[in-house]
Amino acid sequence: MNPYILTTLLFGLGLGTAITFASSHWLLAWMGLEMNTLAIIPLMAQHHHPRAVEATTKYFLTQATAAAMLLFASATNAWLTGQWDIQQMTHPLPITLITLALALKIGLAPVHSWLPEVLQGLDLTTGLILSTWQKLAPFALLLQIQPANSIILVALGLTSTLIGGWGGLNQTQLRKVLAYSSIAHLGWMILVLQFSPSLTLLALLTYFVMTLSTFLVFKLSKSTNINMLATSWAKAPAITALTPLILLSLGGLPPLTGFMPKWLILQELTKQDLAPTATIAAMSALLSLYFYLRLSYAMTLTMSPNSLAGTAPWRLQPSQFVLPLAVGTATTLLLLPLTPAAVALLSL
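So, how was this worked out
For every chain, the first residue of its written sequence is number 1, and the numbers climb from 1 along that sequence. Local features in this predicted model are restricted to residues whose pLDDT is 70 or higher, and side-chain atom pairs enter the listing and the counts only when it is 80 or higher, whereas totals over whole chains, interfaces and linings include all residues. Side-chain calculation: all heavy atoms of the structure are included, whereas hydrogens and water are not. Per the convention used, a helix needs a DSSP run of H or I reaching at least four residues, while a strand needs a run of E reaching at least two, with both numbered from the N terminus. The size measure is the radius of gyration over C-alpha atoms, and the globule rule it meets is 2.2 Å times the number of residues to the 0.38 power. Only heavy atoms enter the contact rule, under which two residues are in contact if any of them lie within 4.5 Å. Accessible surface area values rest on a Shrake-Rupley calculation with a 1.4 Å probe, where residue burial reflects the displayed protein chains alone. His is not counted, nor are the chain ends; Lys and Arg add positive charge and Asp and Glu add negative charge. Lys charges are placed at NZ, Arg charges at CZ, Asp charges at CG and Glu charges at CD. What makes a salt bridge here is a side-chain nitrogen of Lys or Arg within 4 Å of a carboxyl oxygen of Asp or Glu, nothing more. Remark: exposure states derive from per-residue accessible area (1.4 Å probe, protein chains only) relative to the maximum for the residue type, with buried under 20%, exposed over 50%, and partly exposed in between. UniProt positions are given in the numbering used here, feature names are shortened, and annotations may be inferred rather than shown by experiment. For Phe, Tyr and Trp, where Trp contributes only its six-membered ring, two rings pair if their centres lie within 6.5 Å, and the inter-plane angle classes them as stacked under 30 degrees, edge-to-face over 60, or tilted in between.

A. Looking closely at the overall build of the chain. Helix and strand content of the chain: 18 helices and zero strands. For 348 residues, the compact-globule formula gives about 20 Å, and the C-alpha radius of gyration of the chain, at 20 Å, lands near that figure. Judged by the C-alpha coordinates and their principal axes, the chain covers about 70 × 50 × 35 Å. Considering only residue pairs separated by 6 or more positions, the chain has 79% of its internal contacts joining residues 24 or more positions apart. Accessible area for the chain stands at about 15,500 Å²; split by element, carbon and sulfur atoms hold 72% of it. Taken as two groups, the 13 positive and 7 negative side-chain charges of the chain have centres that lie 16 Å from each other.

B. Spatial organisation of the pattern of salt bridges. Considering all chains together, one arrives at five salt bridges under this definition. The shortest N-O distance in the salt bridge between Glu 54 and Arg 51 comes to 3.7 Å. In this pair, Glu 54 and Arg 51 both sit in helix α3 (residues 50–81), three residues apart, roughly one turn of the helix. A salt bridge links Glu 117 to Lys 176; the shortest N-O distance between them is 3.4 Å. In this pair, Glu 117 is assigned in helix α5 (residues 114–120) and Lys 176 in helix α9 (residues 174–191), connecting sequence segments 59 residues apart. Classification of Lys 176 by relative accessible area gives buried; the value is 17%. Via salt bridges that share partners, Arg 51, Glu 54, Lys 58, Glu 117 and Lys 176 belong to a single interconnected network.

C. Expanded view of the UniProt feature "transmembrane region" (unreviewed entry) in the chain. If you check UniProt for "transmembrane region" (unreviewed entry), the listed places come out as residues 60–80, 92–115, 151–170, 177–195, 201–221, 233–254, 274–293 and 321–346 in our numbering. Between the C-alpha atoms that bound residues 177–195 the distance is 29 Å, and the span itself is 79% helix and 0% strand. Between the end C-alpha atoms of residues 201–221 there is a gap of 31 Å, over a span that is 95% helix and 0% strand.

D. Quick look at the packing of aromatic side chains. Tallied over the full model, the rule gives four aromatic pairs. Measuring from centroid to centroid gives 5.6 Å for Phe 259 and Trp 263, while their planes differ by 15 degrees, and the two rings are stacked. Taken together, the residues span about one helical turn, with Phe 259 and Trp 263 both in helix α14 (residues 259–271) at a distance of four residues. Given the relative accessible area of 39%, Trp 263 is considered partly exposed.

Okay, structure coming up:
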């Protein structure tokens, strides 16, 4: 892609998110979300592959549906209450509709089925943008409206953690596994959204860092399915040794960074007398942990049947810029001891 066009599209992507962040009026927020969608569509379809075009079409249709639903709900709110202000949402009908529209935008279960299909059709770089940056604007709106109806958020959160766990079990394609991982993590964030918005923000940031590391590792080893992971030790032994730790951090095992948000979320849910919800969420984390362990096993304890892949190639200088991967990996593995500092910042 022409660098000028790429720069314009990335600028549009950033501007759309910034407009949604800064808006207090529903029409402006909707416009930011639309800019965001329109800017990423050429990035998704840039390879002109039938799979990429299909993924782009599916993404466009779901995002257009969610945007239309959002616009309808905000107009309904203006009709019922005379208010266009995002933080002046009082009527339960538009609040529920907007919550469902934003759930469709970020891919929460039960309106999640587009996400694995879309992610499977994209390259890893665009998939990374879709899994991280594209979640920011809808989350900013969810944090602002603070739905009064707690049952719908808990239901969305629990459904997402369970489906995110179940769905990834039988997958062999890495991008689909990462899509179900995204659904499960979003479920954890939504569960605690109404009780501790700052904790949701912490979970979102740690999810971004862990997902960044995972995508960059797969990009470095050029892996798109589980079988290709078996060849990665010959290409980059050091990062292959660290990748299982990155995956276990995504699964939420101590003493890695990914344990911190899950630990704090379970603690908060227990404080709110939601012990059964916390138990189901914790059990669903075991489902996710199984498929992360499966990837770790494939990467470190299996060897490719191809003898060429089993011999170490010449160690050339990596052609990719590896500093983000190094920083992301260190952050993914080592931040758990800073939990007290994170808790102190959250309580400010």
